[in-house]
Amino acid sequence: SMPDDSKSDEKPSGSDKETAKDSVFKRPSVIPKHRQDLLKWNGWGYQDSQFAVTNQRTLTFTGQRYQLSGSEMPALVEWMEKALGASIDQRSPAKFTRPENIPPPVQVNADFMSAIRQLGLSHSDAGPDRLFRGHGHTLEEMFTLREGMFPRLPDLVVWPTSHREVVELVNLANRCGVVLIPFGGGTSVTGALLCPSGERRMIVSLDTSQMNRILWLDERNLIGRFEAGIIGQDLEARLAELGYCIGHEPDSLEFSSLGGWVATRASGMKKNVYGNIEDLLVHVTFVTPTGVIEKSCAAPRVSVGPDVHHLIMGSEGSLGVVTEVTLKIRPLPQTRRYGSLVFADFASGVRCLRELALRRCAPASVRLMDNEQFQFGHALRPAASGWTTAFVDAVKRFYVTRVRGFKPDELAVATLLYEGTPEEVAQQEALVNSIAANHGGISGGEENGRRGYMLTFVIAYLRDLGLDYYCVGESFETSVPWDRVLDLCRNVKLRIKEECRSRGVTQPVLSTCRVTQTYDAGACVYFYFAYNYRGLPDPVHLYEEVENAARDEILANGGSLSHHHGVGKIRQRWYSRSVSEPAVAAVRAVKSRLDPNNVFACGNLFEPAGGPDGQTEQKAKL
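Residues numbered from 1 in each chain as written. Predicted model: local features only at pLDDT ≥ 70, side-chain atom pairs only at ≥ 80, totals over all residues. Heavy atoms only, no water.

Our working rule: UniProt positions are given in the numbering used here, feature names are shortened, and annotations may be inferred rather than shown by experiment.
The name an unreviewed UniProt entry gives the protein chain is Alkylglycerone-phosphate synthase, with Macrostomum lignano as the organism. Turning to the protein chain, the UniProt annotation filed under Subunit (unreviewed entry) states: "Homodimer." On record in UniProt, under Catalytic activity (unreviewed entry), the comment for the protein chain is "a long chain fatty alcohol + a 1-acylglycerone 3-phosphate = a 1-O-alkylglycerone 3-phosphate + a long-chain fatty acid + H(+)".

Below you can see the structure in the form of structure tokens.
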């Protein structure tokens, strides 16, 4: 509500300001405790948001949460038919439209149950609560929810509300012989949340979502202390009310948690200005079965032996659980401007991004799409709102393809986001456009940049649409030195298509990539691939074989095992190859010392105790 006019120029008193700030610090999350009240149980995101076929045989995006919401995309159906051989006349409806056959708890530790009741810890053994926390968002996990059920789910969900309660819970689990699997936002795409089906002990999901407060802000030193369960969109929205931001925007910002960012060494779209999570983190509190790990001060840099922060970041729930994090904060940028660049081909765009990185002038976000992904993004364009819009689009196409001579089936597009003062943004935009021109690039306009950036948050919903029409798809990422970017992109995309054809896929295969983050020495590359599985017996197994082959190709071309998704369970087979056997032995030794009773037996990073064969026990039964 608007303030009374007579008092509009009055500044709040000190106590009023503190009261207002305190209400922001403690505001409840937009994601409810019982996630099934708002989110899909068998797909990505909000229940009211999805791609749906209209009576006019076109596609629309439902709900009101996104820029694309309520829009019709007349070109998307045609694109699906051409790129994947899919037809909206051939549906593959899910076997289950509501959660059924949820297995009951397998193990119930009476001593543990008695103790958490005595401690007053909030908990639930209800099927939907357990199901939501027994999986992440890999293709296999989503397919399982549509067609079957997981062989093992957490036996209980516990919601601690503070660091102290987490310490009590971890100590209790250690005494009682109970397994804990930390849960933040549930957006893992590495199988990290799947329960080891061979585990004989009680498995408890330690859900940090009720630990979502801002504990304090130090506006003089520009740092803040936050509980680890806070969701990304809550964190940024609350800070914005106080004039600050973190600037960490992973694609999963709406649903992923701060603790999850730390545990997986996350990266965000705006890392060129704000940094990755390791650049933002100042201090972290980490609870293990043998004690709490934290540094004695929150100084900007220390030299006191190996950095324990880097032991915690990337631990993926296998050593303990993050409870509180101190991060750098920044004043909200005065200006936020989008842009886009069009290049004759992907190679020209890569050379431009390389120069931007070399000259340290890259915008907050710069992402380069190859031609296949550009065509895909173009298919997501809403219907033109009037003849003026259609005319302007036609003029732009004429200029790009006829005047500049760019070929529609070869050109590549970069989307840009600038943040800073008006003067900084203007200077940076001029410099970026000048560098792009040296590589044959031209401006594609602000609106295309805005659309490209915002599409990031709706692309994940497309997988659910694909599954309804016999199409499976997924994304995976890597990082690679600059001199190998083009070879890696070309070879991996070809390998994907070859592997699909050799396994009986007869319809067109979507194999595409984009460069999403840039560094002095290299870049992050995202791959997307999908295929039509109509008539094939085991689409998920086929998909896994193709992705594994693609991962082998990535490593053979000098790419990393992962840039920011992590290892989890699905990439364990390459872990020792990626870091060396002595390094794996060192991490195992740390695990043995911090968690001798294997309380955090999530099975991530390392192969299960049974060796490679134990991995198959964790596969979901379709």
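So, next bit.
1. Focus: the overall build of the protein chain
Rules: To qualify as a helix, a DSSP run of H or I must reach at least 4 residues; to qualify as a strand, a run of E must reach at least 2; elements of each kind are numbered from the N terminus. C-alpha atoms define the radius of gyration in this analysis, and the globule rule sets the expected value at 2.2 Å times the number of residues to the power 0.38. Buried means the residue's accessible area, taken with a 1.4 Å probe over protein chains only, is under 20% of the maximum for its type, while exposed means over 50%, and partly exposed covers the values in between. Accessible surface is estimated by sampling points in the Shrake-Rupley manner with a 1.4 Å probe; for residues, cover comes only from the protein chains shown. When charges are tallied, Lys and Arg are placed among the positive residues and Asp and Glu among the negative ones, while His and the ends of the chain are skipped. Every charge is mapped to an atom, namely NZ of Lys, CZ of Arg, CG of Asp or CD of Glu.
Scanning the protein chain from terminus to terminus reveals 22 helices and 21 strands. Over its C-alpha trace the protein chain gives a radius of gyration of 25 Å, about what one expects of a compact globule, namely 25 Å for 622 residues. With the principal axes as the frame, the protein chain shows a C-alpha extent of 75 × 70 × 50 Å. Within the protein chain, the fraction of its 622 residues that count as buried is 56%. A total of about 26500 Å² of accessible surface is found on the protein chain, and carbon and sulfur atoms cover 51% of it. Taking the average place of the 70 positive charges on the side chains of the protein chain and the average place of its 73 negative ones, the gap between the two points comes to 2 Å.

2. Overview of the packing of aromatic side chains
We count it as follows: Aromatic contacts are taken between Phe, Tyr and Trp rings whose centres are within 6.5 Å, Trp giving its six-membered ring; a plane angle under 30 degrees counts as stacked, one over 60 as edge-to-face, and the others as tilted. As a reminder, the over-ring test applies to NZ of lysine and CZ of arginine, requiring each to be within 6 Å of the ring centre and within 35 degrees of the ring normal.
Per the stated rule, a full pass over the model turns up 15 aromatic pairs. On the basis of an interplanar angle of 15° and a centroid distance of 4.8 Å, the ring pair of Phe529 and Tyr543 is categorised as stacked. Residue Phe529 is found in strand β21 (residues 522-532), and its partner Tyr543 is found in helix α19 (residues 539-556); the two are separated by 14 residues along the sequence. Residue classification places Phe529 among the buried residues on the basis of a relative accessible area of 1%. Its relative accessible area of 3% is what places Tyr543 among the buried residues. Site record: aromatic cluster; members linked through ring pairs are Phe51, Phe61, Tyr66 and Tyr461. Residue placement shows Arg133 over the ring face of Phe183; its charged tip is 5.6 Å from the ring centre. For the cation-ring pair, Arg514 lies above Tyr526, with the distance from its terminal atom to the ring centre recorded as 5.8 Å.

3. Here's the deal with helix α21 (residues 581-594)
The line we're drawing: What a helix should span is 1.5 Å times the count of its residues minus one. The contact criterion used is simple: two residues touch if any of their non-hydrogen atoms lie within 4.5 Å.
Over its 14 residues, α21 runs 20 Å from end to end, which matches the ideal 20 Å to within 8%, given 1.5 Å per residue. Buried residues along α21 sit against β11 (281-288), β12 (291-293) and α20 (575-579).

4. Things to note about the state of the cysteines
To keep things clear, this is the line we draw: For this text, the term disulfide refers to a pair of cysteine sulfurs within 2.5 Å.
Per the stated rule, a full pass over the model turns up zero disulfides. Considering cysteine sulfurs only, Cys471 is the nearest to Cys500, which forms no disulfide, with 12 Å between them.

5. Points about the sheet that holds strand β17 (residues 412-420)
Sheet strands line up and pair through hydrogen bonds in the backbone, either parallel or antiparallel. Here is the rule we go by: Whether two strands pair comes down to DSSP finding at least two bridges between them. Only the stretch in contact is used when a helix axis is fitted, and all axes are lines through C-alpha atoms; the angle between N-to-C directions ranges over 0 to 180 degrees.
The strand order across the open sheet formed by seven strands is β18-β15-β17-β16-β20-β21-β19, and the pairing between neighbours is antiparallel. Each edge of the open sheet is held by one strand with a lone partner, namely β18 (442-443) and β19 (471-481). Pairing geometry for strand β16 (residues 365-369) and β17, over five bridges, is antiparallel. Among the inter-strand pairings, Arg367 is bridged to a residue of β17, identified as Thr415. Packing of helix α13 (residues 371-379) onto the sheet brings it into contact with β16, β17, β20 (509-518) and β21, and relative to β20 it is tilted by some 100°.

6. Here's the deal with the domain arrangement of the protein chain
This is how it is decided: Delimitation of the domains relies on an automatic or database domain assignment. Summed over both partners, buried area is the accessible surface (1.4 Å probe) that two parts give up on being assembled. Throughout this description, the term salt bridge denotes a Lys or Arg side-chain nitrogen within 4 Å of a carboxyl oxygen of Asp or Glu.
When cut into domains, the protein chain gives domain 1 (102-330 + 571-605) and domain 2 (335-457). The straight-line distance from the C-alpha centre of domain 1 to that of domain 2 is 37 Å. Contact residues are listed per partner, giving eleven residues for domain 1 and twelve residues for domain 2. With both chains or domains summed, domain 1 and domain 2 bury close to 840 Å², and 53% of this area falls on carbon and sulfur atoms. Contact with domain 2 buries surface across domain 1, with Met269, Lys270 and Asn272 losing the most and accounting together for 56% of the total. Seen at the junction of domain 1 and domain 2, the total is one salt bridge. Between Lys270 and Glu419 there is a salt bridge, with its nearest N and O atoms 3.0 Å apart.

7. Some words on unusual backbone geometry
Negative phi characterises most residues that are not glycine, and trans characterises most peptide bonds. Despite not being glycine, Arg265 shows a phi value in the positive range, around 55°. In this structure, Ser580 is a non-glycine residue whose phi angle is positive, near 95°. Along the chain, Ser580 turns up in the loop between α20 and α21.

8. Some thoughts on the sheet that holds strand β9 (residues 223-227)
Spatial ordering of the open sheet is given by β8-β9-β13-β11-β12, a layout of five strands whose pairing is antiparallel. Unpaired on one side and paired on the other, β8 (214-218) and β12 mark the two borders of the sheet. The mean angle between the axes of side-by-side strands here comes to 10°, regardless of whether they run parallel or antiparallel. Pairing of β11 with strand β13 (residues 321-328), which is carried by six bridges, proceeds in the antiparallel orientation. Bridge pairing in β13 places Phe286 opposite Val322. Across the sheet, helix α6 (residues 163-176) lies against β11, β12 and β13, angled at about 35° from β11, the strand it touches most.

9. Brief notes about the nonpolar core
General note: in soluble globular proteins, nonpolar side chains tend to be found buried as a group. Defined as follows: As used in this record, nonpolar core signifies buried Ala, Val, Leu, Ile, Met, Phe, Trp, Tyr and Cys residues forming a set joined through side-chain atoms within 4.5 Å.
Residues Phe51, Phe226, Val262 and Tyr531 are the most contacted members of the largest nonpolar core, which totals 130 residues. In terms of residues, this core owes the most to one element, β21, which gives eight residues. Residues from two domains meet in this core; each of domain 1 (102-330 + 571-605) and domain 2 (335-457) gives at least three. Dropping the residues within four chain positions of it, Phe51 is found in contact with Thr60, Phe61, Leu68, Met73, Leu76, Leu380, Val458, Tyr461, Leu462 and Leu465.

10. Some words on the pairing of β19
The buried fraction of β19 is high, at nine of eleven residues. In this structure, β19 lies alongside β21, joined through eleven bridges in antiparallel fashion. Each residue of the ladder has a partner; that of Glu477, found in β21, is Tyr526.

11. Quick look at the UniProt feature "binding site: substrate" (unreviewed entry) in the protein chain
Counted only if it meets this: Contacts described as polar in this section are N or O atom pairs within 3.5 Å, which, within protein, must combine one atom able to donate a hydrogen with one able to accept it, while residues neighboring in sequence count only if both atoms come from side chains.
If you check UniProt for "binding site: substrate" (unreviewed entry), the listed places come out as Arg463 in our numbering. One can find Arg463 in helix α17 (residues 462-467). Residues in contact with Arg463, not counting those within four places in the same chain, are His137, Thr138, Leu139, Met142, Gly473 and Glu474. Within the structure, Arg463 has its side chain in polar contact with the backbone oxygen of His137 (distance 2.7 Å).

12. Comments concerning the pattern of salt bridges
Applying the stated criterion to the full structure yields 33 salt bridges. Residue Asp520 is joined to Arg360 by a salt bridge in which the shortest nitrogen-to-oxygen separation is 2.5 Å. On the criterion of sequence distance, the pair formed by Asp520 in the loop between β20 and β21 and Arg360 in the loop between α12 (346-358) and β16 is long-range, its members being 160 residues apart. The salt bridge involving Glu499 is made with Arg503; its shortest N-O contact spans 2.2 Å. For Arg503, a relative accessible area of 29% corresponds to the partly exposed category. Each of Arg495, Glu499, Arg503, Glu545 and Glu553 takes part in salt bridges that share partners, so that together they form one network.

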